[in-house]
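Structure assessment
Each chain, letter by letter, is given below.
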Amino acid sequence: MNVKDKVVIVTGGASGIGKALAERFAREGASGVIVADLNGAGAEQVAKSIGGIALQTDVMLEADIQKLVRTAEEKFGRIDLFCSNAGVGGADPDIDNPGSPTNAKWELAWGVNVMAHVYAARHALPGMIAAKSGWFLNTVSAAGLLSQIGSAPYSTTKHAAIGF
């Protein structure tokens, strides 16, 4: 996709793949890059370095995704590309027992690795449909096609993300 003059949101944009995406989109001439991350200071640092906008966002909270979409639409009038990139991993406490992760670990993985994509679609799609334009880029994992031995919540939620 050519992002020149496009408006892009990147979740998980304070570090790793998200930071690299935000930097790349800025280099390629995106007219607006919104860097969203739970780490607000990190998002601010990346946004400042690329001339973007930072927004502290907990992708597990639908209200935060709504605010992210609303901010982009109010500031730029549209969203051309929504990169739902935030993700969490983690090892099972007992590698021989995929049921060993706590409910809190399962809920975290489900919220970040699956529901964040659902919330993004739920709130960004209406504007994209109205504009007859827009794309989603969901960072998933090969673990969603195969498996991640020793990380049941990660593997399971990445399978679900691909299914969505």
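Everything that follows concerns the structure shown earlier in this document.
Residues numbered from 1 in each chain as written. Predicted model: local features only at pLDDT ≥ 70, side-chain atom pairs only at ≥ 80, totals over all residues. Heavy atoms only, no water.

Things to note about the layout of surface pockets
Empty space left among the atoms is revealed by rolling a probe the size of a water molecule over them. Considered as a void within the structure, the largest pocket measures approximately 330 Å³ in volume. Put simply, the parts of the chain that give the lining of the largest pocket at least two residues each are helix H1 (16-27) and helix H4 (103-131). Element by element, the count of residues in the lining of the largest pocket is highest for H1, at 3 residues. Among the residues forming the lining of the largest pocket, the class breakdown is 9 nonpolar, 8 polar and 2 charged. Taken together, the elements giving at least two residues each to the lining of the second largest pocket come down to H4 and helix H5 (152-163). The element contributing the most residues to the lining of the second largest pocket is H4, with 3 residues. Looking at the lining of the second largest pocket residue by residue, the classes come out as 8 nonpolar, 4 polar and 2 charged. (1 Å grid on protein atoms, 1.4 Å probe; cavity = no way out; pocket = protein on both sides within 12 Å on 5 of 7 lines; lining within 4 Å. Points joined across faces, edges and corners; volume = space filled by probe spheres on them. Helix = DSSP H or I, 4+ residues; strand = E, 2+ residues; numbered from the N terminus. Nonpolar A, V, L, I, M, F, W, Y, C, P; charged D, E, K, R; others polar.)

Some thoughts on the side chain of Asn 113
Structurally, Asn 113 is set in helix H4. At a separation of 2.9 Å, a polar atom in the side chain of Asn 113 contacts the main-chain carbonyl oxygen of Val 88. Reaching out from Asn 113, the side chain makes a polar contact with the side chain of Thr 157 at a distance of 3.0 Å. (Polar contact = N/O pair within 3.5 Å; in protein donor to acceptor, adjacent residues only side chain to side chain.)

So, the packing of H4 against H5
Following both chains from N to C, one finds H4 and H5 inclined at 20°, their axes separated by 9 Å at the closest point. One way to sum up the angle between H4 and H5 is to call them roughly parallel. H5 is crossed by H4, and the crossing has right-handed handedness. Contact with H4, carried on its side by Lys 105, Trp 106, Ala 109, Trp 110, Asn 113, Val 114 and His 117, involves Ala 152, Pro 153, Tyr 154, Thr 156, Thr 157, Lys 158, Ala 160 and Ala 161 of H5 and no other residues of that element. (Axes fitted to C-alpha atoms, helices over the stretch in contact; angles between N-to-C directions. Parallel < 35°, antiparallel > 145°, perpendicular 65-115°, else oblique. Left-handed = near helix turned anticlockwise from the far one by under 90°. Contact = heavy atoms within 4.5 Å.)

Quick word on the side chain of Asp 37
Along the chain, Asp 37 turns up in strand S2 (residues 32-37). It is Lys 19 that comes nearest to the buried, bridge-free Asp 37 among opposite-charge side chains, at 11 Å. A distance of 2.8 Å separates a polar side-chain atom of Asp 37 from the backbone nitrogen of Asn 39. If we ignore the near neighbours within four places in the chain, the residues touching Asp 37 are Gly 12, Gly 13, Ala 14, Ser 15, Ala 43, Leu 55, Gln 56 and Thr 57. (Buried < 20%, exposed > 50% of the residue type's maximum accessible area, 1.4 Å probe, protein only. Lys, Arg positive; Asp, Glu negative; His and termini not counted. Salt bridge = Lys/Arg side-chain N within 4 Å of Asp/Glu carboxyl O.)

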